[in-house]
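# Secondary and tertiary structure notes
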Amino acid sequence: MDRTARHSETRYGNRPTMKDVAARAGVGLKTVSRVVNSEPGVTPDTERRVQEAIEALGFRRNDSARVLRKGRTASIGLVLEDLADPFYGPLSRAVEEVARAHGALLINGSSAEDPEREQELVLALCARRVDGLIVIPAGDDHRYLEPEIKAGIATVFVDRPAGHVDVDMVLSDSFGGSREGVAHLIAHGHRRIGFIGDQPRIHTATERLRGYHAAMADAGITVADGWVSLGSTEPERVRMAVEEMLSGPEPVTAMFAGNNRVTVTVVRVLAERERPVALVGFDDIELADLLGITVISQDAAAVGRTAAEHLFRRLDGADHATARVELPTTLIPRGSGELPPA
């Protein structure tokens, strides 16, 4: 049979069943089940015929039915903020490695920073009977998860706390990291320091702003109204904020960028200007080492790995009080944060 004829016989969505295998091999359904599940009681010749039928038909065992009989689906869900954000790559990979070590499949999706989409995605994963969830929340009210948690779905929140539900959380020290980064700029002689961050409803954005204010207060510096800008991380908004801070008779001499997306835009804007401006960014960015960008680095892989390990401990029966784990950040000086005031 040529490839065209074979293609014409394809019926997408109609997967071969054990009944089809049994008919092709000329055996009973129970015999096919024994071969598929590696059970004894089948002669070598019969097993060979069944295996040949399986290969010819492209049959695959229905694991979902098998694991449901055991009460577990051997799958977990991961809800991210943005699949394109480089921070979530190593985090997701670390979660997947832990899941694989436990024989589980990882299913992930993105909320796109939309609370309604987050809820829709989380509940869709629950409907597919995942054993557990790791959630980077977009919203601040997660009471919709209470019935699922009571039903036995283990849940860990990452990067930002859960709202109105008592679950395990794994966070980075956003407050301490920001405070250290701003103090680093102050130590290099800066007193007019701008802060550009994400939406004020986002926990990490407010924590990093709190760290900024703490460092400035520690140094006895009063923050001027025009030195802080929170909002969308879209390049146009960030560019406008940078240009406003750099204008006027007393422009800022240094900037602290609240996350990696903000940092990328700030770097581009500063590259267009002749006067050097010091910069520290929260989160590492690609090529930051080559560009000499000083950053406060989060260990995204450690965050993902820690969250997944907590999740599987819960799935293995751990019933201790809910945990809040806060992982430290690291200041990486590369040059941009060490520039003196112009």
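Residues numbered from 1 in each chain as written. Predicted model: local features only at pLDDT ≥ 70, side-chain atom pairs only at ≥ 80, totals over all residues. Heavy atoms only, no water.

- In the annotation of an unreviewed UniProt entry, the entry for the protein reads LacI family DNA-binding transcriptional regulator, and the organism field reads Streptomyces californicus.

## Things to note about the packing of helix α2 (residues 18-25) against helix α3 (residues 29-36)
- Where α2 contacts α3, the two axes come as close as 9 Å, and the packing angle between them is 110°. With respect to their mutual orientation, α2 and α3 come out roughly perpendicular. The residues of α3 that touch α2, namely those facing Met18, Lys19, Val21 and Ala22, are Leu29, Val32, Ser33 and Val36.
- Classifying every residue of the contact of α2 with α3 by side-chain character gives six nonpolar, one polar and one charged. (Axes fitted to C-alpha atoms, helices over the stretch in contact; angles between N-to-C directions. Helix = DSSP H or I, 4+ residues; strand = E, 2+ residues; numbered from the N terminus. Parallel < 35°, antiparallel > 145°, perpendicular 65-115°, else oblique. Contact = heavy atoms within 4.5 Å. Nonpolar A, V, L, I, M, F, W, Y, C, P; charged D, E, K, R; others polar.)

## Some points on the domain arrangement of the protein
- According to the domain assignment, the protein consists of domain 1 (3-61), domain 2 (73-172 + 300-327) and domain 3 (174-298).
- Distance from the C-alpha centre of domain 1 to the C-alpha centre of domain 3: 62 Å. (Domains from an automatic or database assignment.)

## Some remarks on the sheet that holds strand β5 (residues 168-172)
- Taken in spatial order, the six strands of this open sheet run β2-β1-β3-β4-β5-β11, and their pairing is parallel. The open sheet has two free edges, formed respectively by β2 (105-110) and β11 (324-327), since each of these has just one partner strand. This sheet shows a mean twist of 15° between the axes of neighbouring strands, independent of strand direction.
- Pairing between strand β4 (residues 154-158) and β5: three bridges, direction parallel. Along β5, the bridge assignment pairs phenylalanine 157 with methionine 169.
- Together, β1 (75-80), β2 and β3 (132-135) form the strand contacts of helix α7 (residues 115-127), whose direction differs from that of β1 by roughly 175°. (Pairing = 2+ DSSP bridges.)

## Comments concerning α7
- Here α7 contains 13 residues, and its C-alpha end-to-end distance of 18 Å stays within 8% of the 18 Å for a straight helix at 1.5 Å per residue.
- Within α7 the residues assigned to the buried category are Glu118, Val122, Leu125 and Cys126. Seen along its axis, α7 keeps its buried residues to an arc of 105°; they face one direction. Among the exposed residues of α7, those pointing more than 90 degrees away from its buried face are Glu116, Glu120 and Ala127.
- On its buried face, α7 sits against β1, β2, β3 and α8 (146-150).
- Just downstream of α7, arginine 129 is the residue with a positive phi angle, here 65°. (Expected span 1.5 Å × (residues − 1). Buried < 20%, exposed > 50% of the residue type's maximum accessible area, 1.4 Å probe, protein only. Arc of directions from axis to C-beta.)

## Some points on the sheet that holds strand β6 (residues 193-197)
- Pairing within the open sheet is mixed, and its six strands lie in the order β7-β6-β8-β9-β10-β12. Each of the sheet's edge strands pairs with one partner strand only, and the pair in question is β7 (228-230) and β12 (330-332). Sheet twist, expressed as the mean angle between neighbouring strand axes with direction ignored, is 15°.
- Helix-sheet contacts for helix α9 (residues 174-187) involve β6, β8 (254-257), β9 (278-282), β10 (294-297) and β12, and the interaxial angle to β9 is about 170°.
- Where helix α12 (residues 260-271) meets the sheet, its contacts fall on β6, β8 and β9, and the angle it forms with β9 comes to roughly 160°.

## Considerations on helix α14 (residues 300-315)
- Relative to the 22 Å expected for 16 residues at 1.5 Å per residue, α14 spans 23 Å between its end C-alpha atoms, a close match to the ideal helical length.
- For α14, the tally of buried residues reaches 12 of 16 residues, placing the bulk of the element in the interior.
- Those residues of α14 that fall on the buried side of the exposure criterion are Ala300, Ala302, Val303, Gly304, Thr306, Ala307, Ala308, His310, Leu311, Phe312, Arg314 and Leu315.
- On its buried face, α14 sits against β1, α6 (88-101), β3, β4, β5 and β11.
- Glycine 317, located one to two residues past α14, shows a positive phi value of around 110°.

## Structural notes on a nonpolar patch on the surface
- Among the surface-exposed residues, Leu287, Leu290 and Leu291 lie close enough to one another that they form a single nonpolar patch of about 340 Å² accessible area.
- Residue class for leucine 290 comes out exposed when judged on its relative accessible area of 70%. (Patch = residues over 30% accessible without salt bridge, like charges linked within 9 Å, V, L, I, M, F, W, Y side chains within 5 Å. Areas by Shrake-Rupley, 256 points an atom, 1.4 Å probe, with all protein chains shown as cover. Salt bridge = Lys/Arg side-chain N within 4 Å of Asp/Glu carboxyl O.)

## Some words on the pattern of salt bridges
- Under the definition given, this model contains 17 salt bridges.
- A salt bridge links glutamate 81 to arginine 261; the nearest nitrogen and oxygen atoms lie 3.1 Å apart. Here the residue glutamate 81 occupies a position in the loop between β1 and α6, and arginine 261 occupies one in helix α12, the gap between them amounting to 180 residues.
- A salt bridge links glutamate 207 to arginine 210; the nearest nitrogen and oxygen atoms lie 3.0 Å apart. Taken together, the residues span about one helical turn, with glutamate 207 and arginine 210 both in helix α10 (residues 203-218) at a distance of three residues.
- Among the residues examined, glutamate 207 registers a relative accessible area of 16% and is labelled buried.
- One connected set of salt bridges, linked through shared partners, spans Glu81, Asp85, Glu113, Asp159, Arg160, Asp198, Arg201 and Arg261.

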